[in-house]
Amino acid sequence: MSITRRSLLLRAPLAAGILAGLPSIAMAQASSVKIRYLASRGSISPHELADALGYFKGLGIELENVGYAAGGPESLFALASGSVDLGSAATPAVINSIAGGNDFVAVYPSNGINKDVKSVFYVLEDSPIKSIADIAGKTISVNTLGAHLDYTVREALHSVGLPPDAAKLVVVPGPQLEQTLRSRQVDIAGLGYWQATFAGQLVSNGGVRGVFNDTDVLGEIAGGFVVLRRDFITANPDAARNFVEQSARASDWSRQNPDETRKLLADILNRRGENGELARYWTGFGLREKAAVTDRDVDFWVNILDRDGRLPKGKLKASDILYRLGETKTN
């Protein structure tokens, strides 16, 4: 069964996996392999940083940005249709796409959430909303349905004994999140960990406060994954291996060189025609060293999907969806 845009948006459940230790660079393919992808406004992924740092040179890998994705589900839909070679989405959306019949592999975590990198749900300073319990019946802006912010809200509501649909989610593009909150078109603005540039500008302009964040609700965990089709990996094993290794290398470099990373991000945003000034608010990828994953990155969401009846028990396990570089899973 092939996944559809509707099933991605309505069901959106999970995936995870990889990179316990990085082996040496595989030899480049005889010819260059092009990897088409959709970018996210206001941010970059580790593979985009790796490309900017020149890490793919001589390894037979060429990245091609073919546009923007409004959110992860759209990215996965494009991957399933063959419009791109790489997708990137929240863990629940990735697992849902695989459970729905797509032969995708989660190759490395695109972002993580922790005490420094997190998604925050903001309200205006004078809002009566003070806690998660207060969001029932309120409107919350998110970048897309069926993805990380959607599932974070559901789990937040569950944590205080409320039904998952107790709040109304409204789709708003990242650049418009601040405007819709300040004009009171929504009660709460959800800004994802990947939208730290927009969140930083919102906070800098004043008059807002955070009510809760995803780390409060989910703990420290991988936020989403970059995925490739299994047939792509089979056809291009060296390119796939090099792609993962160098993306993880770039993630580590960014943690060690945050100021230099912000400068590169500013250049990338300016070249895209976006506001490079927002790069100063970038908080990082939130990934562990070498982009490593733990079983909890997967099991947390599998258990939730099992609990809610969205994933048949035993339907998937980590080894079904993770790309490993010769290492056993970490714990």
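Everything numeric here is computed off the predicted structure, so don't read it as measured data.

Rules of the game
Residues numbered from 1 in each chain as written. Predicted model: local features only at pLDDT ≥ 70, side-chain atom pairs only at ≥ 80, totals over all residues. Heavy atoms only, no water. Helix = DSSP H or I, 4+ residues; strand = E, 2+ residues; numbered from the N terminus. Buried < 20%, exposed > 50% of the residue type's maximum accessible area, 1.4 Å probe, protein only. Contact = heavy atoms within 4.5 Å. Areas by Shrake-Rupley, 256 points an atom, 1.4 Å probe, with all protein chains shown as cover. Phe/Tyr/Trp six-rings, centres within 6.5 Å; stacked < 30°, edge-to-face > 60°. Lys NZ or Arg CZ within 6 Å of the ring centre and 35° of its normal. Pairing = 2+ DSSP bridges. Axes fitted to C-alpha atoms, helices over the stretch in contact; angles between N-to-C directions. Parallel < 35°, antiparallel > 145°, perpendicular 65-115°, else oblique. pLDDT = per-residue confidence, 0-100. Core = buried A, V, L, I, M, F, W, Y, C linked by side-chain atoms within 4.5 Å. Expected span 1.5 Å × (residues − 1).

Description of the overall build of the chain
In step 1: Scanning the chain from terminus to terminus reveals 13 helices and 10 strands.
In step 2: Within the chain, buried positions represent 58% of all 331 residues.
In step 3: Contacts in the chain between residues at least 24 apart in sequence constitute 86% of all its contacts with a sequence separation of at least 6.
In step 4: Entry remark: accessible area of the chain is about 13,400 Å², with carbon and sulfur atoms responsible for 48%.

With respect to the packing of aromatic side chains
What characterises a pair of aromatic rings is the spacing of the ring centres plus the angle enclosed by the ring planes.
In step 1: Under the definition given, this model contains seven aromatic pairs.
In step 2: Residues Phe121 and Phe212 carry aromatic rings whose centres are separated by 4.4 Å and whose planes lie at 10° to one another, so their mutual orientation is stacked. Placement of Phe121 in strand β5 (residues 120-124) and of Phe212 in strand β9 (residues 208-213) is noted, with a sequence separation of 91 residues between them. Comparing Phe121 with Phe212 shows no difference in burial state: the two are buried.
In step 3: Seen in terms of ring centroids, Phe300 and Trp301 are 5.2 Å apart; in terms of plane orientation they differ by 90°. Their pairing is edge-to-face.
In step 4: An aromatic cluster is present here, built from Phe56, Tyr108 and Phe243 joined pairwise through their rings.
In step 5: Over the face of the ring belonging to Tyr68 we find Arg41, whose NZ or CZ atom lies 3.7 Å from the ring centre.
In step 6: Lying over the aromatic face of Tyr151, Arg154 brings its terminal NZ or CZ to 4.8 Å of the ring centre.

Remarks on the sheet that holds strand β4 (residues 104-113)
In step 1: Reading across the sheet, the three strands line up as β3-β10-β4 and stay open at both edges, with antiparallel pairing between neighbours. One side of each edge strand has no neighbouring strand; the edge strands of this open sheet are β3 (86-90) and β4. Taken pair by pair, the neighbouring strands of this sheet meet at an average axis angle of 25°, ignoring direction.
In step 2: Two elements, β4 and strand β10 (residues 221-229), share eight bridges in a ladder whose sense is antiparallel. Bridging across to β10, Asn111 finds its partner in Gly224.
In step 3: Strands in contact with helix α10 (residues 237-256) are β3, β4 and β10; relative to β4, the strand with the most contacts, it is inclined by about 5°.

A few points about the packing of α10 against helix α11 (residues 258-272)
In step 1: At their nearest, the axes of α10 and α11 sit 5 Å apart, and the two run at 115° to each other. Here α10 is positioned roughly perpendicular relative to α11, judged by the angle of their axes. Of the residues in α11, those in contact with Trp253, Ser254, Arg255 and Gln256 of α10 are Pro258, Glu260, Thr261 and Leu264.

Focus: the confidence of the model for the chain
In step 1: In the predicted model, the chain carries a mean pLDDT of 87, and the fraction of residues at 70 or more is 89%.
In step 2: Per-residue pLDDT, averaged within each element of the chain, yields its smallest value for helix α1 (residues 5-11) (36) and its largest for β5 (98).
In step 3: Low pLDDT, under 50, characterises residues 1-30; the stretch is placed with 142 contacts to residues that sit more than four places away or in other chains.
In step 4: Considering only residues more than four positions removed or in separate chains, one finds that residues 326-331, a stretch of pLDDT under 50, has 11 contacts.

With respect to the sheet that holds strand β8 (residues 188-191)
In step 1: Here five strands make up an open sheet; going across it, the order is β7-β6-β8-β5-β9 and the pairing mixed. Edge positions in the open sheet fall to β7 (168-171) and β9, since each of these has one partner strand only. Within the sheet, the average angular offset between the axes of one strand and its neighbour, ignoring direction, is 30°.
In step 2: Note: strand β6 (residues 139-142) against β8, two bridges, orientation parallel. Bridging across to β8, Ile140 finds its partner in Ile188.
In step 3: Helix α5 (residues 148-159) contacts β5, β6, β7, β8 and β9 of the sheet and is inclined by roughly 80° relative to β5.

Focus: the nonpolar core
In step 1: Residues Ile95, Ile135, Ile140 and Phe212 are the most contacted members of the largest nonpolar core, which totals 51 residues.
In step 2: For this core, the element with the highest residue contribution is helix α12 (residues 295-307), accounting for six residues.
In step 3: Counting residues in hydrophobic clusters, the runner-up holds 36 residues, among them Ile61, Leu63, Val105 and Val244.

Topic: α5
In step 1: Relative to the 16 Å expected for 12 residues at 1.5 Å per residue, α5 spans 16 Å between its end C-alpha atoms, a close match to the ideal helical length.
In step 2: Of all 12 residues making up α5, 10 are buried, and the element is well covered by its neighbours.
In step 3: For α5, every residue scored as buried is listed here: His148, Leu149, Asp150, Tyr151, Thr152, Val153, Arg154, Glu155, Ala156 and Leu157.
In step 4: Just downstream of α5 lies Gly161, where phi reads positive at about 80°.

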